[in-house]
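Coordinate analysis (summary)
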Amino acid sequence: MPHIVVKDYKRFTVPVKKEKFDFLWFAEPLINAKEKLVGAIYEKTPFLITLKDNKRGETVIKSDKVTRLSPTTVVKKALKNFCELAECDVIRTNISQISDRHLKKSEEFLKTIEFFADNFPKNREVWIEIGFGSGRYLLYQAKNNPDTLFIGIEIHRPSIEQVLKQIEIQKLENLYIIDYDARLFLEFVPSNIVGKIFVHFPVPWDKKPHRRVISKKFIQEAKRVLKVGGVLELRTDSKNYFDYSLELFLEQNRVKLEVTKNIKPPITSKYEDRWRRLQKDIYDIRMVNLEKSAPLKISFGFDFEKEFDIEKIIKNFDSKPKVFEDYFVHFERVYKIDENRILLRLSFGNFDRPEHKYILIEGKNASYFSKKPVLSKANIEAHKKIEELLHGK
Ligand SMILES: C[S@@+](CC[C@H](N)C(=O)[O-])C[C@H]1O[C@@H](n2cnc3c(N)ncnc32)[C@H](O)[C@@H]1O
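Residues numbered from 1 in each chain as written. Predicted model: local features only at pLDDT ≥ 70, side-chain atom pairs only at ≥ 80, totals over all residues. Heavy atoms only, no water.

Let's talk about the site of the ligand
Surrounding the ligand, one finds 17 residues, the nearest of these being Gly131, Glu154, Asp181, His200 and Ser269. Tyr271 has a polar backbone atom sitting 3.4 Å from an oxygen atom of the ligand. Computed on the free molecule, the ligand has an accessible area of 590 Å², of which 89% lies beneath the protein chains in the complex. Contributing elements (two or more residues each) for the shell around the ligand: α6 (182–185) and α9 (270–277). (Near = heavy atom within 4 Å. Polar contact = N/O pair within 3.5 Å; in protein donor to acceptor, adjacent residues only side chain to side chain. Areas by Shrake-Rupley, 256 points an atom, 1.4 Å probe, with all protein chains shown as cover. Helix = DSSP H or I, 4+ residues; strand = E, 2+ residues; numbered from the N terminus.)

Structure representation (structure tokens):
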């Protein structure tokens, strides 16, 4: 991660602009925080730089993780510009080489959840593979169905990197990859748009069933996003997972279920090859959706009502995590910018994929610093609770 270690730096007068960066304010740690923060904007995107003292009395200057800019080149430029303004006495740095190289093609195909949440591509049929692993099945399908948009969901970073490389090598234009928990992804997908969802050899999680991809909620969401005639396909070598899933599939109305055993698909995945060599049985359940679902209609501004009281917020600050049925709220740290402005750092939302954010309180107004939260049900509920708690209710 780009950083500069300095013996000393000067606090310069803010706000000030340098190249494409606006440096807005300095924030001092007030509650539970150690580092100082610098608020800045790069081409309309707010971000933070952290200034943290280490044991040797040096200050490490780097980009804040929550609001980090991308690509890394921009982060390096932000740190360099900051240090020029602050007349840093540099001890060491890893930002000496700043290249203006363009995004690698493969990186264009790695999407964020905001990309899907803000503007889900709706111009063609979508097929989704969950937990694609080596990507053999996903790449084969994308190559053979060029008019379909493929979305591959994985949480294992080396698998993601490997498939991104293959997208570039094979010159595929119809495959997006996302590093996200598949149990939460479908809630961002519009209704009736998906032709196929593949769940091949999911981790059985026999001891932690709540971590399984297949659940009642997942099947319901899958049915909503599938077109009429669209298919959710589970393939597993685990009889236990098969039995558990079949029971859940049977709870659904207006679906056709097809169960097969030891059928060879057009291309086998790495896991499948392994199980075949061991002569294990392989079970398929295909759920065909037979009804049209209502459109997905969620809209929410993530704005705050006015009339916040900074003194009261500081006095009542409670950093114990608050856990509710489907979400949590955890106020973590407070920073003070000046008498009229504070910055809160918090995490909230879904337990499996928490949102980390800052809230800037300016006088009686509050807003998320940097981007608003992703439009998920858990984040909407958490936002309402945050507002209530900040108002001291
Ligand atoms: C047993 S491997 C199967 C890989 C591939 N489908 C195959 O057949 O070779 C399961 C894959 O699911 C991924 N995975 C597990 N839980 C996940 C989740 N909640 N969201 C997305 N991917 C997940 C794992 O990282 C792993 O790569």
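A look at the nonpolar core
Phe185 and Ile197 are the most contacted members of the largest nonpolar core, which has 56 residues in total. Setting aside its immediate chain neighbours within four residues, Phe185 contacts Ile113, Phe116, Phe120, Ile128, Ile151, Ile153, Ile178 and Tyr180. Ranked by size, the runner-up nonpolar core spans 24 residues in total, among them Ile4, Ala78, Cys88 and Ile95. (Core = buried A, V, L, I, M, F, W, Y, C linked by side-chain atoms within 4.5 Å. Buried < 20%, exposed > 50% of the residue type's maximum accessible area, 1.4 Å probe, protein only. Contact = heavy atoms within 4.5 Å.)

As for the pairing of strand β13 (residues 226–236)
A large share of β13 lies buried, amounting to 8 of its 11 residues. In this structure, strand β12 (residues 194–200) lies alongside β13, joined through 6 bridges in parallel fashion. Across the sheet, Lys196 pairs through a bridge with Val231, a residue of β13. Considered for its hand, the β-α-β crossover made up of β12, helix α7 (residues 216–225) and β13 is right-handed. In this sheet, strand β15 (residues 283–289) lies alongside β13 in antiparallel orientation, the contact comprising 6 bridges. By the bridge assignment for β15, Glu233 is matched with Arg286. (Pairing = 2+ DSSP bridges. Right-handed = clockwise from strand over helix to strand, strands pointing away.)

Looking at the pattern of salt bridges
Tallied over the entire structure, the rule returns 36 salt bridges. A salt bridge links Glu233 to Arg286; the shortest N-O distance between them is 2.7 Å. Taken together, the residues Glu233 in strand β13 and Arg286 in strand β15 connect sequence positions 53 residues apart. Accessibility expressed as a relative area gives 10% for Glu233, which makes it buried. Look at the salt bridges and you will find they share partners, linking Arg235, Glu272, Arg276 and Asp284 into a network. (Salt bridge = Lys/Arg side-chain N within 4 Å of Asp/Glu carboxyl O.)

Overview of the pairing of strand β10 (residues 149–154)
Here β10 lies mainly inside the structure; 6 of its 6 residues are buried. Neither face of β10 is exposed, since Leu149, Ile151 and Ile153 on one face and Phe150, Gly152 and Glu154 on the opposite face are all buried. Of the strand pairs in this sheet, strand β9 (residues 126–130) and β10 are connected by 5 bridges, and their pairing is parallel. Within the sheet, the bridge partner assigned to Trp127 lies in β10 and is Phe150.

Structural notes on the environment of Ile214
Counting through the fold element by element, Ile214 comes out in the loop between β12 and α7. Judged by relative accessible area, Ile214 falls into the buried class, the value being 0%. Once the C-alpha coordinates of Ile214 and Val199 are considered, the two residues, 15 residues apart in sequence, prove to be 8.6 Å apart. Among all residues touching Ile214, those that are not within four sequence positions of it are Val199, Ile219, Leu234, Tyr241, Tyr244, Ser245, Leu248 and Phe249.

Some details on the packing of aromatic side chains
Within the structure shown, the criterion is met by 32 aromatic pairs. When the ring of Phe328 is compared with that of Phe351, the centres are 6.0 Å apart and the planes differ by 25°; the resulting orientation is stacked. One end of the pair, Phe328, is in strand β17 (residues 328–338); the other, Phe351, is in the loop between β18 (341–349) and β19 (354–362), and 23 residues separate them in sequence. Residue placement shows Arg274 over the ring face of Tyr271; its charged tip is 4.9 Å from the ring centre. (Phe/Tyr/Trp six-rings, centres within 6.5 Å; stacked < 30°, edge-to-face > 60°. Lys NZ or Arg CZ within 6 Å of the ring centre and 35° of its normal.)

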